[in-house]
Amino acid sequence: MAYEATGRLHEIFDEQQVSEKFRKREFVLEVVDGQYPEHIKFQLVQDKTALIDPYKVGDEVKISFNLRGRGFNKNGQMLYFTNLEAWRIEAGTGGGAAPQGGGNFQQAAPRAAAPAANSNPNLRASAAPIASDDDNDLPF
């Protein structure tokens, strides 16, 4: 699934050589959504780790990313983790300022075959959600 997010760079970490064949670099995007800003961590992997080099903390950027998830078995218990894997970074329009209308999350490449069923205007996915907002009992 491809998504886009717009916000201000809050922190940029050094590249990490995780194994002989895998390296990553993480950064945090500050997205203003409502009263409080959200700090969302993304990662760049392999040959994409240098994409963040032209930018500095405070710059407004637009990130194109994929939502990735994996599971693994640790001592007989299944554990899962999720990553936001960035693959494109573009300069934002605000010149380092936070977006005027708040943070922006949207689908990068909409599918014409089926409209997104998610009613949240800040996050749009190309696939329909597992349950509608009316079906969950989460307090947020």
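Keep in mind that what you see is a predicted model, and the values were worked out from it rather than measured.

Student: Got a sec to walk through the packing of aromatic side chains? Specific residues and values, please.
Tutor: Under the definition given, this model contains four aromatic pairs. Residues phenylalanine 27 and phenylalanine 42 carry aromatic rings whose centres are separated by 5.5 Å and whose planes lie at 15 degrees to one another, so their mutual orientation is stacked. One end of the pair, phenylalanine 27, is in strand β3 (residues 23–32); the other, phenylalanine 42, is in strand β4 (residues 37–45), with 15 residues separating them in the sequence. A single burial state applies to phenylalanine 27 and to phenylalanine 42, both of which are buried.

Student: Go over the pairing of strand β1 (residues 2–12), please, and point to the residues and values.
Tutor: Bridging between β1 and strand β5 (residues 60–74) involves seven bridges; their strand directions are antiparallel. Of the residues in β5, the one forming a bridge with glycine 7 is valine 61. In the sheet, β1 pairs with β3 via four bridges, with the strands oriented antiparallel. Bridging from a neighbouring strand, arginine 8 pairs with glutamate 30 of β3.

Student: Give me the lowdown on the pattern of salt bridges, citing residues and values where you can.
Tutor: For the structure on display, the rule yields seven salt bridges. Residue aspartate 53 is joined to arginine 25 by a salt bridge in which the shortest nitrogen-to-oxygen separation is 2.5 Å. Pair noted here: aspartate 53 is in the loop between β4 and β5 and arginine 25 is in strand β3, with a separation of 28 residues, a long-range link. Aspartate 53 gets classed as partly exposed once you look at its relative accessible area, which sits at 48%. Where arginine 88 meets glutamate 90, a salt bridge forms, and the shortest distance between an N and an O atom there is 3.6 Å.

Student: A description of the pairing of β3 should follow, citing residues and the corresponding values.
Tutor: Within β3, eight of the ten residues are buried, which leaves it mostly tucked inside the rest of the structure. Judged from the two bridges that link them, strand β2 (residues 16–17) and β3 form a sheet pairing that is antiparallel. Its bridge partner being in β3, glutamine 16 is matched across the sheet by lysine 24. Where β2 hands over to β3, the hairpin turn is made up of five residues, counted between the paired strands. Across nine bridges, β3 lies against β4 in antiparallel orientation. Across the sheet, the residue bridging to glutamate 30 is histidine 39, located in β4. Linking β3 to β4, which pair antiparallel, is a turn of four residues; within it glycine 34 sits at a positive phi near 90 degrees.

Student: Run through unusual backbone geometry, naming residues and quoting values.
Tutor: Where the residue is not glycine, phi is negative for most of them; where a peptide bond is considered, it is trans in most cases. Within the chain, glutamine 46 stands out as a residue other than glycine whose phi angle is a positive 55 degrees. The topology assignment puts glutamine 46 in the loop between β4 and β5. One non-glycine residue with positive phi stands out, namely asparagine 75, at about 55 degrees. Along the chain, asparagine 75 turns up in the loop between β5 and β6 (77–91).

Calculation rules
- Residues numbered from 1 in each chain as written.
- Predicted model: local features only at pLDDT ≥ 70, side-chain atom pairs only at ≥ 80, totals over all residues.
- Heavy atoms only, no water.
- Phe/Tyr/Trp six-rings, centres within 6.5 Å; stacked < 30°, edge-to-face > 60°.
- Helix = DSSP H or I, 4+ residues; strand = E, 2+ residues; numbered from the N terminus.
- Buried < 20%, exposed > 50% of the residue type's maximum accessible area, 1.4 Å probe, protein only.
- Pairing = 2+ DSSP bridges.
- Salt bridge = Lys/Arg side-chain N within 4 Å of Asp/Glu carboxyl O.

These figures capture arrangement, not role.
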